[in-house]
Amino acid sequence: MVCTIGHMTITAGAPPTHNTPANLALGFLTGGVIGASLTAFIGGCVVERAPLIVTGLVLPAVFGLVFFLATLPRRAREAAVVPRVALAVIESREAVGGEASSDVPVRFELSVAPDDAPGFRVEIRQDVNLVELPDYRPRGVVVVEYPPDRPWKTRIVKRPTPEWEERAAVDRVDSVPGPAMKSETQEGCFSGFLTLLGLLLGSAAVLLLFRADLFDSDKGERGTPKASVSTSTSSSTTTVTSATGTVSLGPGQSMLDKGELRKAVESLTQGADKRQALTVVVQDRLLTVVFAPTGVKRAGFDPRSLPYDRVPGLVEEARTGLGVKSPRSWQLTADGVTGSLTLRVTVTGSGGTATLEADGRGKVQRRSGS
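Residues numbered from 1 in each chain as written. Predicted model: local features only at pLDDT ≥ 70, side-chain atom pairs only at ≥ 80, totals over all residues. Heavy atoms only, no water.

## Concerning the confidence of the model for the protein chain
Any region with low pLDDT has predicted coordinates that should not be read closely. On average, the protein chain scores 79 in pLDDT, and the residues at 70 or more come to 81%. Across the protein chain, the element-wise mean pLDDT spans from 43 in strand S1 (residues 4-5) up to 93 in strand S5 (residues 141-146). In this model residues 1-14 is a low-confidence stretch, pLDDT under 50, and it forms 39 contacts with partners more than four residues away in sequence or in other chains. Of the regions scoring below 50 in pLDDT, residues 217-226 engages in nine contacts with residues more than four places distant in sequence or in other chains. (pLDDT = per-residue confidence, 0-100. Helix = DSSP H or I, 4+ residues; strand = E, 2+ residues; numbered from the N terminus. Contact = heavy atoms within 4.5 Å.)

Structure representation (structure tokens):
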């Protein structure tokens, strides 16, 4: 039996709007928490003040808990909606990166044809195993499911029931005209501006509240400044103190350039063999190393052990493979405070923030999209 499903117009709904007051406020608060926690943690390590370090660690955890509790009713309502199953035809597919594992993110454009509702066209992104990728060819019919009130959250069912698997093999689905719905809409500059403003205000709040600890700690017990070494060349500036080291590159340079990150780390560890680091933070033109306190054994990690060759690939995968629209900035944080070395790449763009985590050898362990 061959069943033809004709052309139908899109009336199932509209994709979500991100630039609402609630989402703008959330972006502002998220930026504030990020700025405050980073400033507090790094500043606390620099001046060796426990309250600042604790603030930097606890603040994001509290914010995450509040966000979880605040969104719990909405997520419970969404989870209670029974998904609708339907057939769909693949209009196009495109792998968008992610060669580090067996699963690759693929962008699909589908024409969905429910049995008892109007058809619609939707664009989704879904991970597909490399071995199964040939099964999702253009013009092929697949089984999908979606919440009736949120059709832009359509997902391809990889293991449908025998009844639906037989229908997908026999039935023919026609294309649905019109533009495709997307799970995310392009945000304007105002949302990114609010997030940046929140980050700056969060940093400023920490500097203001703890100004006595941060700025008065430059003097020792007898009023003498702590020793620091600062060198500058035409291409970079290096500053090393007892607690931190920073390397700032000049215009036109990047820490992702071949050998640049390794050279920057080595410039901070010369004459300090086996000096351990608590945290290494890498940005496009800035490297910051927070050293473990002198005399503390088995704390941190050797910053020279970073998988330098994997860093550019991790940053590129985070920028292109996690679904962040128009990525503007990235940051890699190497953390060995709690035990084994963890690399965390955070990318921020107009579509939100996404994070990629890897182990000390640069092998990807976890991805979280925007």
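## Describing the packing of aromatic side chains
Aromatic ring pairs: the centre-centre distance and the angle between the two ring planes describe each pair. The final tally for this structure, using the stated rule, is two aromatic pairs. Taking 6.0 Å as the distance between ring centres and 65° as the angle between the ring planes, the aromatic pair formed by Phe108 and Tyr136 counts as edge-to-face. Note that Phe108 is positioned in strand S3 (residues 103-113) and Tyr136 in the loop between strand S4 (120-129) and S5, a separation of 28 residues in sequence. Given a relative accessible area of 8%, Tyr136 falls into the buried group. For the ring pair Phe120 and Tyr146, a centre distance of 5.2 Å and an interplane angle of 80° mean the geometry is edge-to-face. Separated by 26 residues along the polypeptide, Phe120 in strand S4 and Tyr146 in strand S5 bring together distant segments of the chain. (Phe/Tyr/Trp six-rings, centres within 6.5 Å; stacked < 30°, edge-to-face > 60°. Buried < 20%, exposed > 50% of the residue type's maximum accessible area, 1.4 Å probe, protein only.)

## Thoughts on unusual backbone geometry
The phi torsion of most residues other than glycine is negative, and most of the peptide bonds are trans. Although it is not a glycine, Arg139 adopts a positive phi angle of roughly 70°. Mapped onto the secondary structure, Arg139 falls in the loop between S4 and S5. Arg139 sits in the partly exposed class, given a relative accessible area of 46%. Although it is not a glycine, Ser326 sits at a positive phi angle of roughly 50°. Mapped onto the secondary structure, Ser326 falls in the loop between helix H7 (311-321) and strand S14 (327-335). A residue is classified by how much of its surface remains accessible, and Ser326, at 44% relative accessible area, is partly exposed.

## Looking at the nonpolar core
Judged by nonpolar contacts, the single largest core of 34 residues is most densely connected at Met255, Leu261, Val280, Val282, Leu287 and Leu306. Elements represented by at least two residues in this core include exactly strand S11 (244-249), helix H6 (260-269), strand S12 (277-282), strand S13 (286-291), H7, S14, strand S15 (342-349) and strand S16 (352-359). In this structure Leu287 touches Gly245, Thr246, Val247, Met255, Leu261, Ala264, Val265, Leu268, Val280, Val281 and Val282, once residues within four positions along its chain are discounted. Counting residues in each nonpolar core, the second largest holds 19 residues, with Val104, Val106, Phe108 and Ile124 among its members. (Core = buried A, V, L, I, M, F, W, Y, C linked by side-chain atoms within 4.5 Å.)

## Let's talk about the packing of helix H1 (residues 21-47) against helix H2 (residues 50-80)
Here H1 crosses H2 at 160°, and the two axes come no closer than 6 Å. Here H1 is positioned roughly antiparallel relative to H2, judged by the angle of their axes. Helix-helix and strand crossings are classified by hand; for H1 and H2 the assignment is left-handed. Residues Leu26, Leu29, Thr30, Val33, Ala36, Ser37, Ala40, Phe41, Gly43, Gly44, Cys45 and Val47 of H1 pack against Leu52, Ile53, Thr55, Gly56, Leu57, Leu59, Pro60, Phe63 and Phe67 of H2. (Axes fitted to C-alpha atoms, helices over the stretch in contact; angles between N-to-C directions. Parallel < 35°, antiparallel > 145°, perpendicular 65-115°, else oblique. Left-handed = near helix turned anticlockwise from the far one by under 90°.)

## Quick look at the pattern of salt bridges
Scanning all chains against the criterion turns up 16 salt bridges. Between Arg304 and Asp302 there is a salt bridge, with the nearest N and O atoms lying 3.2 Å from each other. Given a relative accessible area of 25%, Asp302 falls into the partly exposed group. One connected set of salt bridges, linked through shared partners, spans Glu91, Glu109, Arg121 and Arg139. (Salt bridge = Lys/Arg side-chain N within 4 Å of Asp/Glu carboxyl O.)

## A few points about H7
The α-helix advances 3.6 residues per turn, and as a result positions three or four apart in sequence lie on the same side. For H7, the full list of buried residues reads Val311, Leu314, Val315, Glu317, Ala318 and Gly321. Buried residues along H7 sit against S3, H6, S14, S15, S16 and strand S17 (364-368). Looking one or two places after H7, you find Gly323, whose phi comes out positive at around 85°.

## Concerning the sheet that holds S3
Pairing within the open sheet is mixed, and its six strands lie in the order S6-S5-S2-S3-S4-S8. The open sheet has two free edges, formed respectively by strand S6 (155-156) and strand S8 (181-182), since each of these has just one partner strand. Note: strand S2 (residues 84-95) against S3, eight bridges, orientation antiparallel. Residue Ile90 lies in a different strand from S3, and its bridge partner there is Leu110. (Pairing = 2+ DSSP bridges.)

## A short note on the pairing of strand S10 (residues 236-241)
Of the two faces of S10, only one is covered, namely that formed by Ser236, Thr238 and Val240; the face formed by Thr237, Thr239 and Thr241 stays uncovered. The sheet contact formed by S10 and S11 spans five bridges and is antiparallel. Across the sheet, Val240 pairs through a bridge with Gly245, a residue of S11.

## Topic: the layout of surface pockets
Within this model, the second largest pocket holds a volume of roughly 390 Å³. In terms of lining, the second largest pocket is formed by 17 residues, of which the most central are Asp135, Tyr136, Val141, Val142 and Pro160. Secondary-structure elements contributing two or more residues to the lining of the second largest pocket are S5 and helix H3 (162-170). Tallied by class, residues from the lining of the second largest pocket come to 10 nonpolar, one polar and six charged. (1 Å grid on protein atoms, 1.4 Å probe; cavity = no way out; pocket = protein on both sides within 12 Å on 5 of 7 lines; lining within 4 Å. Points joined across faces, edges and corners; volume = space filled by probe spheres on them. Nonpolar A, V, L, I, M, F, W, Y, C, P; charged D, E, K, R; others polar.)

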